[in-house]
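Inside the fold
Okay, here's what each chain looks like letter by letter:
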Amino acid sequence: MRSASKGDAAEYEWLLRDIAAVLRITVRRRLSAYGLNPQEAEDVVQEVLLGIHQKRATWDESRPITPWVHAIARYKTVDATRRLGRTRRLQVDLPFEDWVEGFADPNSPDSTRRLDAETLLATLPERQRRLVQALTVEGATVRNVAERFSMTEGAVRVALHRGLKRLSRLANAAEDETGLETGR
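So, a few notes on the structure that sits alongside this text. A quick note: this is a predicted structure, and the numbers were derived from the prediction, not measured.

A few words now on the overall build of the chain. Along its length, the chain carries nine helices and zero strands. Along the chain, helices (α) and strands (β) appear in the sequence α-α-α-α-α-α-α-α-α when read from the amino end. For the chain, the proportion of its 184 residues judged to be buried stands at 33%. By sequence separation, contacts in the chain at least 24 residues apart represent 60% of the contacts at least 6 residues apart. Summing over all exposed atoms, the chain offers an accessible surface of approximately 12200 Å²; the carbon and sulfur share of this is 51%.

Right, dumping it as structure tokens:
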């Protein structure tokens, strides 16, 4: 790093390659320890290398470089685990059919389930109602609905799940009010 700070590009390139090799192992382990995909490690390593490059003027040449590099790596890895963990919580990769099956009541005969769907749908907020209708009534794909509503596919699935869950609660409440058995 001292040579690199004096303008030796070859030494700087060697340093970054050497650091990257060690970081790949460390970052993979940390991501795995947090239950995240270790294949994301290369992106994190690149972020660390970029951080080193951007902050290289802050390194005190009288001090060892390893703790400085590890500090940058630790902060970048923590940032990545937060970001990846948040993404992981929002991702739901279930086919549409599995969503619908989750809300069907197998113990209830069809005759007791004949509630006015339009009335129930009307209780949903406008955007959520249109989304649920597009997927369940019109048969649109998650990808098409995501494009139509300018949402990610994961966000569409989450909104569908919440909408169907709300409809299920409303349907059960309506059945309870009418005295119909729900089998629950």
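Alright, that's what it looks like, and here's the rest.
We now examine the pattern of salt bridges. The tally for this structure, following the rule as stated, stands at six salt bridges. For Glu13, the salt bridge is made with Arg17, and the minimal N-O distance between the two is 2.2 Å. Taken together, the positions of Glu13 and Arg17, both in helix α2 (residues 9–33) and four residues apart, correspond to about one turn of that helix. On the basis of relative accessible area, Glu13 is assigned to the partly exposed category, the value being 44%. A salt bridge links Arg157 to Glu153; its shortest N-O distance comes to 3.8 Å. Residue Arg157 and its partner Glu153 are located together in helix α9 (residues 153–178), separated by four residues, close to a single helical turn. Take Arg157: its relative accessible area is 16%, and that puts it in the buried class.

Moving on: the layout of surface pockets. Estimates place the volume of the second largest pocket at around 160 Å³. Surrounding the second largest pocket, Leu15, Asp18, Ile19, Val22, Leu23, Thr26, Ile65, Thr66, Val69 and His70 form its lining. Elements with a minimum of two residues in the lining of the second largest pocket: α2 and α4 (65–90). A per-element tally of the lining of the second largest pocket places α2 first, with six residues. A breakdown of the residues in the lining of the second largest pocket according to their chemical character gives six nonpolar, three polar and one charged.

Right, let's talk about the packing of α2 against helix α3 (residues 41–55) for a bit. Geometry of a packed helix pair, given as the angle between the helix axes and the separation of the axes. Following both chains from N to C, one finds α2 and α3 inclined at 135°, their axes separated by 9 Å at the closest point. When the axes of α2 and α3 are compared, the pair comes out oblique. Crossing handedness for the pair α2 and α3: right-handed. Here Tyr12, Leu16, Ile19, Ala20, Leu23, Arg24, Val27, Arg28 and Leu31 of α2 lie close against α3, whose contacting residues are Ala41, Glu42, Val44, Val45, Gln46, Val48, Leu49, Ile52 and His53. Its residues assigned to classes, the contact of α2 with α3 shows 13 nonpolar, two polar and three charged.

All right, on to the side chain of Gln128 then. Within the secondary structure, Gln128 sits in helix α7 (residues 126–137). Reaching out from Gln128, the side chain makes a polar contact with the backbone oxygen of Ala159 at a distance of 3.3 Å. The contacts of Gln128, once residues within four sequence positions are left out, are Ala159, Arg162, Gly163 and Arg166.

Scoring rules and cut-offs
Residues numbered from 1 in each chain as written. Predicted model: local features only at pLDDT ≥ 70, side-chain atom pairs only at ≥ 80, totals over all residues. Heavy atoms only, no water. Helix = DSSP H or I, 4+ residues; strand = E, 2+ residues; numbered from the N terminus. Buried < 20%, exposed > 50% of the residue type's maximum accessible area, 1.4 Å probe, protein only. Contact = heavy atoms within 4.5 Å. Areas by Shrake-Rupley, 256 points an atom, 1.4 Å probe, with all protein chains shown as cover. Salt bridge = Lys/Arg side-chain N within 4 Å of Asp/Glu carboxyl O. 1 Å grid on protein atoms, 1.4 Å probe; cavity = no way out; pocket = protein on both sides within 12 Å on 5 of 7 lines; lining within 4 Å. Points joined across faces, edges and corners; volume = space filled by probe spheres on them. Nonpolar A, V, L, I, M, F, W, Y, C, P; charged D, E, K, R; others polar. Axes fitted to C-alpha atoms, helices over the stretch in contact; angles between N-to-C directions. Parallel < 35°, antiparallel > 145°, perpendicular 65-115°, else oblique. Left-handed = near helix turned anticlockwise from the far one by under 90°. Polar contact = N/O pair within 3.5 Å; in protein donor to acceptor, adjacent residues only side chain to side chain.

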